[in-house]
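The lines below spell out each chain.
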Amino acid sequence: MLITEVEAYLNELGEPKFRLKQIQTAIYTQFVKNFSDITTLSLSLRTNLHTKFGVINSLKVLHSVSGSQVEKVLFETKNGNLIEAVKLSYKATSERGAHTALCISTQSGCAMGCQFCATGAIGFKQNLSADEIVSQYLYFRQRGDTIDSIIFMGMGEPFVNPDNLFTSLYLFTDKNLLALSPTRLSISTVGIIPGIERLIKEYPHVNLTFSLHSPFDDQRSKFMPVNKTYQINEVFKVLDKYIEETKNRVFIAYTLLKDFNDSESHALALTNLIKTNTHTSYLYHVNLIRYNPCPSEVIFERSEPEAVKAFQEILEKSRISNTLRQDFGVDIDAACGQLYATYSKK
């Protein structure tokens, strides 16, 4: 972690302890880009820090593209691997004012192999360090953008990179660093049970999304291989535990695929999963997602509007809270499941 390395270097130089606080403030509050910009330090110390560590943000920006309410940025890591982050600008609604969310990556590529996700088609490249995870946020703040919330829903499965993920949560939430409220952070997982259990213990107020996409184990295992290890009922047991211990909502991500998982039987089975524990069911919220085209060996299609409506009606009849998520970013391959980091053009 950069700030830990900086602290060790300052001790090596015999600098007073308040220097670390000055550097922390400059990086995580003032969002400076270079050590040379930290004018509270002597010129010689700034030069030493630059020589030792180089620029503060280790991610190299290769390209950015904007669409309606969306901006996608392609970064290159020190190892030469590519990742993407997406800034989402939401317009004001009757329920909430205008706000900006940042969808960030925790890995380059992904080993989960979900068949409807472009990132899964890349395969696994590398785990991001905690600094590389946080640097995606720093990039936007360094150029003056306001970010209201952070979603760990970019490339990779966050809980398969647990130590770096949880270190990044520390950097984001520590009052002496980025000082964000945990309630402004959301983690999306395909159901890695040890990661969810650790989140309950260490960061219980961070929001949680479970990417389900089918309520049937046999079907889910075919297009989401992780289900062979962490089956649906076992994941729901730990989700119930999360709700009981944190009193937070759990979000269920459900991508609707034509003639695959959008039937009445799927909607009823999803309802039954949520209703199994009546003490927690009211704190589940289903986010229905329109399928976004992506490179895949399996060809999927978007559900017909009539099927989407019928699916929602079944949920609503059972009083399952749900939302058909806003659909933007498709035009620049920045929507859910589309992050591909232009590997196909490499």
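Quick caveat: nothing in here was measured; it's all calculated off a predicted structure. Each chain carries its own residue numbering, running from 1 in the direction its sequence is written. Reporting of local features is limited, given that this is a predicted model, to residues whose pLDDT is at least 70; pairs of side-chain atoms are given and counted only at 80 or more, and all residues count toward the totals for whole chains, interfaces and linings. The side-chain figures draw on all heavy atoms in the structure; neither hydrogens nor water molecules are used.

Enquirer: So what's going on with the overall build of the protein? Residues and values would help.
Expert: Comment: elements are numbered from the N terminus, with helices defined as DSSP H or I runs of at least four residues and strands as E runs of at least two. Across its full length, the protein holds eleven helices and twelve strands. Summarising its shape, the C-alpha atoms of the protein cover approximately 70 × 45 × 40 Å along the three principal directions. Each residue is placed in one exposure class: buried if its accessible area under a 1.4 Å probe, protein chains only, is under 20% of its type's maximum, exposed if it is over 50%, and partly exposed if it falls in between. Counting the 346 residues in the protein, one finds 54% classified as buried. The criterion used for residue contact is that any of the two residues' heavy atoms lie within 4.5 Å. Expressed as a percentage of contacts within the protein between residues at least 6 apart in sequence, the contacts between residues at least 24 apart total 66%. For the area figures, the Shrake-Rupley method with a 1.4 Å probe applies, and any residue is considered shielded solely by the protein chains shown. Accessible surface for the protein amounts to roughly 15700 Å². Of this, 49% is attributable to carbon and sulfur atoms. The averaged location of the 36 negative side-chain charges in the protein is 4 Å from the averaged location of its 36 positive side-chain charges. Positive charges come from Lys and Arg alone, negative charges from Asp and Glu alone, with His and the N- and C-terminal ends not counted. The atom standing in for a charge is NZ when the residue is Lys, CZ when it is Arg, CG when it is Asp and CD when it is Glu.

Enquirer: Talk me through the sheet that holds strand S11 (residues 284-290); I want residue IDs and the actual numbers.
Expert: Each strand in a sheet pairs with another by means of backbone hydrogen bonds, the pair being arranged parallel or else antiparallel. Spatial ordering of the open sheet is given by S1-S2-S3-S4-S7-S8-S9-S10-S11-S12, a layout of ten strands whose pairing is mixed. The sheet terminates laterally at strand S1 (60-67) and strand S12 (321-324), the two strands that pair on one side only. Mean inter-strand twist for the sheet, computed between neighbouring axes without regard to direction, equals 20 degrees. Note: strand S9 (residues 207-211) against strand S10 (residues 250-256), four bridges, orientation parallel. For serine 211, the partnering residue across the bridge sits in S10 and is alanine 253. In this description, strands pair whenever DSSP reports at least two bridges between them. The convention used is that axes are lines fitted to C-alpha atoms, helices contributing only their stretch in contact, and that angles between N-to-C directions extend from 0 to 180 degrees.

Enquirer: I'd like to hear about the packing of aromatic side chains, residue by residue, with values.
Expert: Each aromatic pair joins two rings of Phe, Tyr and Trp (for Trp, the six-membered one) with centres within 6.5 Å, and gets the label stacked for planes under 30 degrees apart, edge-to-face for over 60, and tilted for any other angle. Applying the stated rule across the entire model yields 17 aromatic pairs. Ring geometry for tyrosine 137 against phenylalanine 172: centres 5.5 Å apart, planes inclined by 80 degrees, an arrangement best described as edge-to-face. Taken together, the positions of tyrosine 137 in helix H5 (residues 130-142) and phenylalanine 172 in helix H6 (residues 162-173) put the pair 35 residues apart, joining distant regions of the chain. Residue class for tyrosine 137 comes out buried when judged on its relative accessible area of 3%. An aromatic cluster is defined as three or more aromatic residues linked by ring pairs; in this entry it consists of Phe116, Phe223, Phe260, Tyr291 and Phe300. Criterion for a charge above a ring: Arg CZ or Lys NZ at most 6 Å from the ring centre, at most 35 degrees from the ring normal. Lying across the ring of phenylalanine 166, arginine 198 places its NZ or CZ 4.1 Å from the centre.

Enquirer: A description of the packing of helix H1 (residues 2-13) against helix H3 (residues 43-53) should follow, citing residues and the corresponding values.
Expert: Where H1 contacts H3, the two axes come as close as 12 Å, and the packing angle between them is 130 degrees. Judged on the interaxial angle alone, H3 and H1 are oblique. The handedness of the crossing between H1 and H3 comes out as right-handed. Facing H1, whose interface residues are Leu2, Glu5, Val6, Tyr9, Leu10 and Leu13, H3 presents Leu45, Asn48, Leu49, Lys52 and Phe53. What sets the label is the angle itself: under 35 degrees gives roughly parallel, over 145 gives roughly antiparallel, 65 to 115 gives roughly perpendicular, and the rest give oblique. We call a crossing left-handed when the near helix sits turned anticlockwise from the far one by less than a right angle, and right-handed when that turn is clockwise.

Enquirer: Go over the pattern of salt bridges, please, and point to the residues and values.
Expert: Salt bridge, as used here: a side-chain nitrogen of Lys or Arg that lies within 4 Å of a carboxyl oxygen of Asp or Glu. Tallying each qualifying case throughout the model produces ten salt bridges. A salt bridge links arginine 19 to glutamate 15; the nearest nitrogen and oxygen atoms lie 3.4 Å apart. With a closest N to O distance of 3.1 Å, aspartate 163 and arginine 198 form a salt bridge. Of this pair, aspartate 163 sits in helix H6 while arginine 198 sits in helix H7 (residues 193-202), and the two are 35 residues apart along the sequence. When its relative accessible area of 26% is taken as the criterion, arginine 198 is described as partly exposed.

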